[in-house]
Amino acid sequence: MLVGDLYAFQGLLSEDEAATVHRVRDFLAAEVTPIANEYWARAEFPTHLIKQFAGLGLAGQERSSLLNGWLALEMAHADASMATFYGVHAGLAMGSIQSCGSPEQRERWLPGMTAFDQVGAFALTEPTGGSDVAAGLRTTARRDGDTWVLNGQKRWIGNATFADLIVVWARDVEDDQVKGFVVPGGTPGFTATKIENKIALRIVQNADITLTDVRVPEADRLQNANSFKDTAKILRQTRSGVAWEAVGVMLAAYGIALKYAGEREQFGRPIAKFQLVQDLLVRMLGNVTGSLGMCVRLAQLQDAGQYRDEHSALAKAYCTTRMREVVGWARELLAGNGIVLDYDIGRFVADAEALYSYEGTREINTLIVGRAITGHGAFV
């Protein structure tokens, strides 16, 4: 049981699911946690771990939403960057092919991605747009016989510097609808340039992508992606995963702070005996418990087929906001030691900022929920 799971939510997993969680937890503790600060400081990705992820047998498997969520939690608990790498590959990229690809396309691409022989990326966000992506997508796709010609730019694309397959979303100039294309890395006209000087998720290799007359066969257009509504279905699924990741970060921060409070002495006694320190810890635990309960219920709704946009939007907005509070309180408890990597919390504080923003800002997710509960859209 993870430190901080006060209400024993992990007990809701089946015996087989719990065994999977423990296998992943042991792998992360042995292979990821010991090197996370080193690679974070260098802003490098531990590529040697990619094939080891394959050995876990996670990608491409049918699982309950509760187990999927808990695995996202476990990865973020070890390192938010590695959780993001996995979420981009197995959630966004593979999810796009699974949801929007034809049977032939799924058979052609998913086995290699499941085995991590091919790493995926997901290219939607653009340099001049963010929250307005549904209506403001500027990357274009023009049909030319049996091929499509893509032109445009993308930004913040995780895994893109080393990905083998990049799912690129572009607007068809003929019907003005958003369509998806699978572009192999190294395709003529496709360039991915690493974004430098990040202060969050430094292990993730985010890139600026330029598409200059990139030719993609019709056979590589996702056959069931015909409008942004199809793209949004994928985002709804992965948005809930970010809520789970936020809980993983909170649990990590809480665990670090609790351990530190028991070891750090001031005025001749552990600071865990101070009332104000206990107050901080209990506030952290309250945020963890409330957010975890929301995520568990969200997973139950997913598995029951009662899952709507506002469910994932509220969870993402709420949990990432609570996460920001928790990592801040943990940093406060560690005082000066909270701003160095030696105690881990500095990495979680920085990485929390990225989780707070991606997969829809708090404001946009708030408007999704607001539209659902009032019946009135307030989007500009």
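Residues numbered from 1 in each chain as written. Predicted model: local features only at pLDDT ≥ 70, side-chain atom pairs only at ≥ 80, totals over all residues. Heavy atoms only, no water.

Below, the discussion takes up the environment of Asp117. Tracing the chain through its elements places Asp117 in the loop between helix 5 (103–114) and strand 1 (120–123). On a C-alpha basis, the gap between Asp117 and Thr161 in space is 16 Å, while along the polypeptide they are 44 residues apart. With residues up to four places along the chain from it excluded, the contact list for Asp117 reads Lys51, Gly112 and Asp164. (Helix = DSSP H or I, 4+ residues; strand = E, 2+ residues; numbered from the N terminus. Contact = heavy atoms within 4.5 Å.)

Where helix 9 (residues 309–334) meets helix 11 (residues 362–374), the closest approach of the two axes is 8 Å, and the angle between their N-to-C directions is 140°. Relative to helix 11, the element helix 9 lies oblique. Note that helix 9 runs across helix 11; the crossing there is left-handed. Of the residues in helix 11, those touching helix 9 at Asp309, Glu310, Ala313, Leu314, Lys316, Ala317 and Thr321 are Arg362, Asn365, Ile368, Val369 and Ala372. (Axes fitted to C-alpha atoms, helices over the stretch in contact; angles between N-to-C directions. Parallel < 35°, antiparallel > 145°, perpendicular 65-115°, else oblique. Left-handed = near helix turned anticlockwise from the far one by under 90°.)

Side chains on a regular strand alternate between the two faces of the sheet. Pairing of strand 2 (residues 140–144) with strand 3 (residues 147–157), which is carried by five bridges, proceeds in the antiparallel orientation. Note on strand 3: the bridge partner recorded for Asp144 is Thr147. The hairpin formed by strand 2 and strand 3 contains two residues between the paired strands, and Gly145 there has a positive phi angle of roughly 65°. Pairing between strand 3 and strand 7 (residues 207–217): eight bridges, direction antiparallel. Across the sheet, Gly152 pairs through a bridge with Leu211, a residue of strand 7. (Pairing = 2+ DSSP bridges.)

The next thing to look at is unusual backbone geometry. A positive phi angle is found at Leu201, which is not glycine, with a value near 45°. Within the element layout of this structure, Leu201 appears in the loop between strand 6 (190–194) and strand 7. On the basis of relative accessibility, which here comes to 5%, the residue Leu201 falls in the buried class. Despite not being glycine, Asp213 shows a phi value in the positive range, around 50°. Relative to the assigned elements, Asp213 resides in strand 7. (Buried < 20%, exposed > 50% of the residue type's maximum accessible area, 1.4 Å probe, protein only.)

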